[in-house]
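# Notes for the structure review
Below, each chain spelled out in residue letters.
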Amino acid sequence: MENSKIAALVELGILCRGVQVEPVGDGGADPGPHRFSEHSQLCRYENPVYRHPFEDPSVAAYAVFAPDTTMEAALSGTRLVILLGAADTPQLRAALAARSAVVILFEPDERVLTRFLDQFKLAGLNRPNLFCFTGEPRSFDPPLQDMLPGDMFRLGTPAVFVTGRVRGLYGQWADRVVEYLETLHYRHAIYGLSGQALNLSRPVRNIHRGLLYDQQLHAFENVPEYLTAPPIAGLRNRLRGAEAILVAAGPDLSSKLDWIRRNREHGVVICVNNAVKPLAEAGIQPHFVIINDTSIDSGMVFRHIPKLPETILVAHCLSDLGGDRFRQKYLFGSFLPQIFGEREDLRLHGSVISTAFSLARHLGCARCVLVGAQLASTNPWGLSYAPGTVKDAPEAGARELTNEHPQLCPVTTPFGEPLFTTLNFLDAALWLAEEIRVSGVPCVNTSKASILFGEGIEYDEEPALAGRVPNMKDLFRPEPPRVDRAEAGRWLRQEIRLWTSVAEAARTLLGDDTPAMAAKGMAILEQLDRNNVTYLAERFRGFSNGEFYRLVFEGDESSRRKGLRLYFRNVLAMSGDFLALLRRDAGIL
């Protein structure tokens, strides 16, 4: 019979229960205390330049705690406290008394939770921002990553406290819980600063941020495709029941090329953009190539492959669309839907292999085989990729491990193999493993040297595929998208006027040698800060935001004039690039 107090916690929305952990010990009350966890924080593997990325250098994006941190010290530095072990301790009571703090309590043994509830009255737990969990962290439905809001992890770096009982009896479970929650903290509080959205923006100022430079450039480059390439709605369930081969660019790919070649007629080959070059060099034309990264670098691979007439490109509308390498393209994600039409999105996170899985689901595929989806490396100092990709080889040579950046984060596969990965890939693997688990789509990973495992993902080095890929000829004859060409023309003319005006302002300022130049420049800069031009310039080729900031905001009058000239030279060059594309587009319309 279920314990009434546990049932009450569930009814109150305080307790969520996952798949229960195999109990260890006698289930007696945990005497505590909660001590600060001795594990190495995941944030230590982030580049420390992102710890203080803001204009105000005293503001930290995350905290690195001392090993002897007390609860009182933790609460002075964060509003997010993680407690492992249901024990009535001074540390628990201090956390609960800090009304502004969010407290997450995990307990592996519901017998111990019952003893705890006998001592600690329910009323003491019925407080805002207390969340209790029992069970395996990767067993909840919906997953923890969907239950716990992102804003929670922006309250501060998780301070983790654990009882001796949990550390001694459930150490591996505790490690899984902590890694899951600290990965979510990275996802919501750090990645936005170290990812491409802001990684060239340090120090981060308070300016308007819309499209990235790379995205704006691709938006103008891709107008011809916006007129002809249909949305992915035309692919929904078109290959229902087929098996999919999802090809990533991990180092094991080279050893799987023969298997892919033998099974191309039995499984729909969906290849990520960075893996298409090794496949093409092996004479294998994938059925689909997928790209979701909107950076300029991600599209460089398309400059190194032949035309692939049998391959369909599925791309985010703000990505590089590969020029003439692909005969047919389908787009996802919306840009100016009132002009170019609404497009569905694909669920994705962290790595393009997640987008490949989402495309397979969108196509209606019944099973997915993962090839080269390793998201990790045997090298502690850099990720390795398959031969033939456009990725640089990592630095070689033995060095003593430091358990902090620049070393990669250590991970262990389900087969006991030690590997290393980036925080981004650790996060991507968690997201995709949880997505696969709740999707019900069975997956097979062909590599043991991978961190992409979990419920719903089994290992098989060379799985047998029995089916046949359906005829795809109709996918090369889709209905064209519905585009309001008149409105598109008006938008292009408006953009031409805008960037002509921006270029003229930059040109005029660069020609000003009067004493008023700096004051005029700062006034124009303030306007461009507000309309996204400055954000675009931060990622423009060759521009250094750090140098610009030091000259304009930290130097004397002479330095300010020099910094403004640096800024406006780049704005002028960027405007010229945009105008060339816009005038080409206007000619097409």
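Provided above is the structure to which this section pertains.
Okay, so let's go over this structure. (Residues numbered from 1 in each chain as written. Predicted model: local features only at pLDDT ≥ 70, side-chain atom pairs only at ≥ 80, totals over all residues. Heavy atoms only, no water.)

## A look at the overall build of the protein chain
When helices and strands are counted, the protein chain shows 21 helices and 16 strands. Over its C-alpha atoms the protein chain spans a radius of gyration of 27 Å, differing by no more than 12% from the 25 Å that the globule rule assigns to 589 residues. With respect to the principal axes defined by its C-alpha atoms, the protein chain has extents near 80 × 70 × 50 Å. Put simply, the protein chain has 589 residues, and 56% of those count as buried. Considering only contacts within the protein chain whose residues lie at least 6 apart along the sequence, 73% involve residues at least 24 apart. Between the mean site of the 63 positive side-chain charges and the mean site of the 69 negative ones, the protein chain shows a separation of 5 Å. (Helix = DSSP H or I, 4+ residues; strand = E, 2+ residues; numbered from the N terminus. Rg over C-alpha atoms; globule rule 2.2 N^0.38 Å. Buried < 20%, exposed > 50% of the residue type's maximum accessible area, 1.4 Å probe, protein only. Contact = heavy atoms within 4.5 Å. Lys, Arg positive; Asp, Glu negative; His and termini not counted. Charge placed at Lys NZ, Arg CZ, Asp CG, Glu CD.)

## A look at the nonpolar core
Residues Leu246, Ile270, Phe288, Ile290, Val314, Trp499 and Tyr567 are the most contacted members of the largest nonpolar core, which totals 115 residues. No other element matches the 10 residues that helix H21 (residues 557–588) contributes to this core. Contacts of Val314, omitting those with residues within four sequence positions, involve Ile232, Leu235, Phe288, Val289, Ile290, Ile291, Tyr330, Phe332, Leu346 and Leu359. Listed in part, the 28 residues of the second largest apolar core include Tyr186, Leu423, Phe425 and Ala429. (Core = buried A, V, L, I, M, F, W, Y, C linked by side-chain atoms within 4.5 Å.)

## Re the sheet that holds strand S1 (residues 15–17)
Read across the sheet, 6 strands follow the order S1-S5-S4-S3-S6-S2 without closing on themselves; strand pairing throughout is mixed. This sheet does not close on itself; its edge strands, each paired only once, are S1 and strand S2 (34–36). The mean inter-strand angle of the sheet, taken between neighbouring strand axes irrespective of direction, is 25 degrees. Helix H3 (residues 90–97) rests against S2, strand S3 (80–84), strand S4 (102–107) and strand S5 (130–134) of the sheet, and its axis sits at about 150 degrees to S3. (Pairing = 2+ DSSP bridges. Axes fitted to C-alpha atoms, helices over the stretch in contact; angles between N-to-C directions.)

## Some words on the packing of helix H15 (residues 352–363) against helix H16 (residues 423–439)
It is at 10 Å that the axes of H15 and H16 come closest, and there the two elements cross at 20 degrees. Looking at the two axes, H15 sits roughly parallel to H16. When the axes of H15 and H16 are compared, the crossing they make is left-handed. Across the interface between the two elements, Ile353, Ser354, Phe357 and Arg361 of H15 pack against Trp431, Leu432, Glu435, Ile436 and Ser439 of H16. Grouping the amino acids of the contact of H15 with H16 by side-chain chemistry returns 5 nonpolar, 2 polar and 2 charged. (Parallel < 35°, antiparallel > 145°, perpendicular 65-115°, else oblique. Left-handed = near helix turned anticlockwise from the far one by under 90°. Nonpolar A, V, L, I, M, F, W, Y, C, P; charged D, E, K, R; others polar.)

## Here we look at the layout of surface pockets
A volume near 1100 Å³ is recorded for the second largest pocket. Every residue lining the second largest pocket is counted, 35 residues in all, and those nearest its centre are Arg138, Asp175, Arg176, Glu179 and Thr412. Of all the secondary structure elements, the ones that give two or more residues to the lining of the second largest pocket are helix H9 (171–194), strand S13 (409–412) and H16. Of all the elements, H9 adds the most residues to the lining of the second largest pocket, at 8 residues. (1 Å grid on protein atoms, 1.4 Å probe; cavity = no way out; pocket = protein on both sides within 12 Å on 5 of 7 lines; lining within 4 Å. Points joined across faces, edges and corners; volume = space filled by probe spheres on them.)

## Observations concerning the pairing of strand S7 (residues 243–247)
Burial analysis of S7 places 5 of its 5 residues in the buried class, which makes it a mostly covered element. A two-sided burial pattern is seen for S7, the buried positions comprising Glu243, Ile245 and Val247 on one face and Ala244 and Leu246 on the other. As judged from the 5 bridges shared by S7 and strand S8 (residues 267–272), these two strands associate in the parallel manner. When the sheet's bridge partners are listed, Glu243 is paired in S8 with Gly267. In this sheet, strand S12 (residues 367–371) lies alongside S7 in parallel orientation, the contact comprising 5 bridges. Directly across from Ile245, in S12, lies its bridge partner Val369.

## Points about the state of the cysteines
Under the defined criterion, the tally for this structure stands at 0 disulfides. Unpaired in terms of disulfides, Cys365 finds its nearest cysteine sulfur in Cys368, a separation of 6.0 Å. Judged by its relative accessible area of 6%, Cys365 falls in the buried class. (Disulfide = S-S within 2.5 Å.)

## A word on the sheet that holds strand S10 (residues 308–316)
Strand pairing in a sheet relies on backbone hydrogen bonds, with the paired strands running either antiparallel or parallel. Across the sheet, which stays open at both edges, the 8 strands sit in the order S11-S10-S9-S8-S7-S12-S15-S16 with parallel pairing between neighbours. The sheet is open, and its two edges are formed by strand S11 (326–332) and strand S16 (457–459), each paired on a single side. Shown here is a sheet whose adjacent strand axes are inclined to one another by a mean of 25 degrees, direction ignored. With 3 bridges connecting them, strand S15 (residues 443–445) and S16 associate as parallel partners. Note that in S16 the partner of Cys443 across the bridge is Ile457.

## A short note on helix H1 (residues 4–11)
Where H1 begins, the side chain of Asn3 points an oxygen toward the backbone nitrogen of Lys5, at a separation of 2.8 Å. Just past H1, the residue Gly13 takes up positive phi, approximately 80 degrees. (Polar contact = N/O pair within 3.5 Å; in protein donor to acceptor, adjacent residues only side chain to side chain.)

## Points about the side chain of Thr413
Its place among the elements puts Thr413 in the loop between S13 and strand S14 (418–421). Ignoring any residue separated from it by four or fewer positions in sequence, one finds Thr413 in contact with Leu419, Lys448 and Ser450.

## Description of the environment of Gly156
Tracing the sequence through the fold places Gly156 in the loop between helix H7 (150–153) and strand S6 (159–163). The class of Gly156 is buried, set by a relative accessible area of 16%. Linking Gly156 and Arg79, residues 77 residues apart in sequence, is a C-alpha distance of 5.5 Å. Non-local contacts of Gly156, meaning those with residues more than four positions away in its chain, are made with Thr78, Arg79, Leu80 and His185.

## So, H9
Of all the bends found along H9, the most pronounced is centred on Arg187 and spans about 40 degrees. Burial analysis of H9 places 17 of its 24 residues in the buried class, the great majority of the element. (Bend = angle between axes of the 7 residues up to and from the residue.)

## Comments concerning the pattern of salt bridges
If you walk through the whole model with that rule in mind, you get 36 salt bridges. The salt bridge involving Glu435 is made with Arg347; its shortest N-O contact spans 2.6 Å. Of this pair, Glu435 sits in helix H16 while Arg347 sits in the loop between helix H14 (337–340) and H15, placing them 88 residues apart in sequence. Residue classification places Glu435 among the buried positions, given a relative accessible area of 6%. Residue Arg361 pairs with Glu435 through a salt bridge whose shortest N-O separation is 3.7 Å. Of the two residues, Arg361 sits in helix H15 while Glu435 sits in helix H16, which places them 74 residues apart along the sequence. (Salt bridge = Lys/Arg side-chain N within 4 Å of Asp/Glu carboxyl O.)

## Focus: unusual backbone geometry
Omega for the bond connecting Gly32 with Pro33 falls within 30 degrees of zero, at -5 degrees, which places this linkage in the cis form. Mapped onto the secondary structure, Pro33 falls in the loop between S1 and S2. Between Arg202 and Pro203 the backbone carries a cis peptide bond, its omega angle lying at -10 degrees. Positionally, Pro203 belongs in the loop between H9 and helix H10 (213–221). Despite not being glycine, Leu336 shows a phi value in the positive range, around 45 degrees. Here Leu336 shows up in the loop between S11 and H14.

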